[in-house]
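Close look at the chain arrangement
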Amino acid sequence: MSAYDVIIIGSGPGGYVCAIRCAQLGLKTACVEGRETLGGTCLNVGCIPSKALLHASHMLHEAEHNFTKMGLMGKSPSVDWKTMLAYKDDVIGQNTKGIEFLFKKNKVDWLKGWGSIPAAGKVKVGDDVHEAKAIVIATGSDSSSIPGVEVDEKVVVSSTGALELSKVPKKLVVIGAGVIGLEMGSVYSRLGSEVTVVEFLDHITPGMDSDTAKVFQRTLKKQGLTFILGAAVQKVEATRTKAKVTYKLRKNDTEAVLDADTVLVATGRKPFTDGLGLDALGVAVSERGVIGTDDHYATNIKGIYAIGDCIDGPMLAHKAEDEGMAVAEILAGQKGHVNYGVIPGVIYTHPEVASVGETEESLKDKGRKYKVGKFSFMGNGRAKANFAGDGFVKLLADAETDRILGAHIIGPMAGDLIHEICVAMEFGAAAEDIARTCHAHPTYSEAVREAALACGDGPIHS
Ligand code: NAD
């Protein structure tokens, strides 16, 4: 048995970042992980591998659609699926080994195995019981299916199985037009699958600024994805090689059936806390399985904390990371804090979609007076040169004070561009602050400045 200041259960972005920060702040730290590699869902079967496949399939799309326009002649590449999967696995390996290196460098002990909490102050891993002054639960989330749909990870897959298909399916049906459905749907569409996305709501990407969601859907449609909206999937019947997806249109209750070689179930995720022993400990957990915490990530049981996907809030790796750092600082006697008003969200399709802060809909609901500064990438020289003129930057600012309240970008490198606005929002900046900041030419970021100018006397290039 060994004694620690902190034991973190789970080594995803929340857990490993928390562990490193705890160690940096002088706490004797261990992190429990039962997978063979560190990094949790994000590094092993989530964010990182999906980005590798998005990158590879985007390269193919560029070769097929834009190369000859630039005088790059010759046959387009063909897909060697096994090699593409090997590339993806190599990317995973490099990242997970990187965390192992960081643990060693920061003297974080990796307790290998699945952890449980037999009592406050104790963590059991295998036959060993370790003592800890504080325990941080960072066990993340798992994909959740819907009634009538059983995931076998072969024909009917979750996001995990979608990264390991034996071949590129001819017909892919995606259930759910959320982030996972659209990212993985894009990958397979670019690789040649016929992709149909069935969504319960009347629009894609719930919660997204509706202006942006409409343009996003149009863009994906142009790329070949088919959308069936306002449709509730009733059941999926699968054989060893094929599936039938039955859905009902909400407006008139008519049923229809889609044939598929593969079905991706992307209908959301649920907190993962199995086997921790939370019931016996009396840790407060909601009906949906969400662990209750206060502003300092403390559960109702003294010395037990929780962060990331298993507590309230958006299930995003970077939200978990920020909570990991904040709770580490709190445990070290500092003032850890997360600004939940400035957490960006990014969808890594092409073009990317990124957002932060309020949407027009949320501002209207709150009765706030706001102005909109919008600029199309068509007016951005760099975007035009790179066949990336589709999309826009949209800035929402307070009608009186000009303070930035939110931003929505669909276009090239949106996931990177959004951070200029995040920093501005952290500093309570006005749109004019961005408008008066010199932006290098020619860069995509000039479109952000132009949107800021559009909140004032007007943009230059539109
Ligand atoms: P989601 O909640 O984003 O979307 C699920 C969609 O499924 C919703 O639009 C919902 O209306 C629809 N749906 C539910 N039941 C249905 C039914 N019976 N028939 C048809 N449609 C139905 O969930 P997700 O895409 O599975 O993602 C899960 C979580 O992982 C999210 O919190 C997401 O933010 C996160 N994630 C983020 C990223 C990223 O940041 N790039 C990438 C992957 C996952």
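**Considering the pattern of salt bridges**
Taken as a whole, this structure holds 21 salt bridges when the rule is applied. In this structure, Asp202 and Arg250 form a salt bridge, with 3.7 Å as the shortest nitrogen-oxygen distance. With Asp202 in the loop between strand E10 (194-198) and helix H7 (210-222) and Arg250 in the loop between strand E13 (243-249) and strand E14 (255-260), this residue pair connects regions lying 48 residues apart in the sequence. One salt bridge in this structure joins Glu237 and Lys235, with 4.0 Å as the shortest N-O distance. The exposure class assigned to Lys235 is partly exposed, which follows from its relative accessible area of 36%. Salt bridges sharing common partners tie together Asp209, Asp211, Glu360, Lys364, Lys374 and Lys394.

**Quick look at the layout of surface pockets**
The volume enclosed by the second largest pocket comes to roughly 490 Å³. Lining the second largest pocket are 20 residues, with His58, Thr349, His350, Glu352 and Met413 sitting closest to its centre. With six residues, the top contributor of residues to the lining of the second largest pocket is helix H3 (residues 47-65). Residues that form the lining of the second largest pocket fall into these classes: nine nonpolar, six polar and five charged. Composition of the lining of the second largest pocket by domain shows at least three residues from each of domain 1 (3-143 + 270-338) and domain 3 (342-454).

**What to know about a nonpolar patch on the surface**
A surface patch of nonpolar side chains, amounting to about 340 Å² of accessible area, comprises Phe67, Met70, Leu72 and Phe387. Turning to its location among the elements, Met70 is positioned in the loop between H3 and helix H4 (81-105).

Definitions and cut-offs
- Residues numbered from 1 in each chain as written.
- Predicted model: local features only at pLDDT ≥ 70, side-chain atom pairs only at ≥ 80, totals over all residues.
- Heavy atoms only, no water.
- Salt bridge = Lys/Arg side-chain N within 4 Å of Asp/Glu carboxyl O.
- Helix = DSSP H or I, 4+ residues; strand = E, 2+ residues; numbered from the N terminus.
- Buried < 20%, exposed > 50% of the residue type's maximum accessible area, 1.4 Å probe, protein only.
- 1 Å grid on protein atoms, 1.4 Å probe; cavity = no way out; pocket = protein on both sides within 12 Å on 5 of 7 lines; lining within 4 Å.
- Points joined across faces, edges and corners; volume = space filled by probe spheres on them.
- Nonpolar A, V, L, I, M, F, W, Y, C, P; charged D, E, K, R; others polar.
- Domains from an automatic or database assignment.
- Patch = residues over 30% accessible without salt bridge, like charges linked within 9 Å, V, L, I, M, F, W, Y side chains within 5 Å.
- Areas by Shrake-Rupley, 256 points an atom, 1.4 Å probe, with all protein chains shown as cover.

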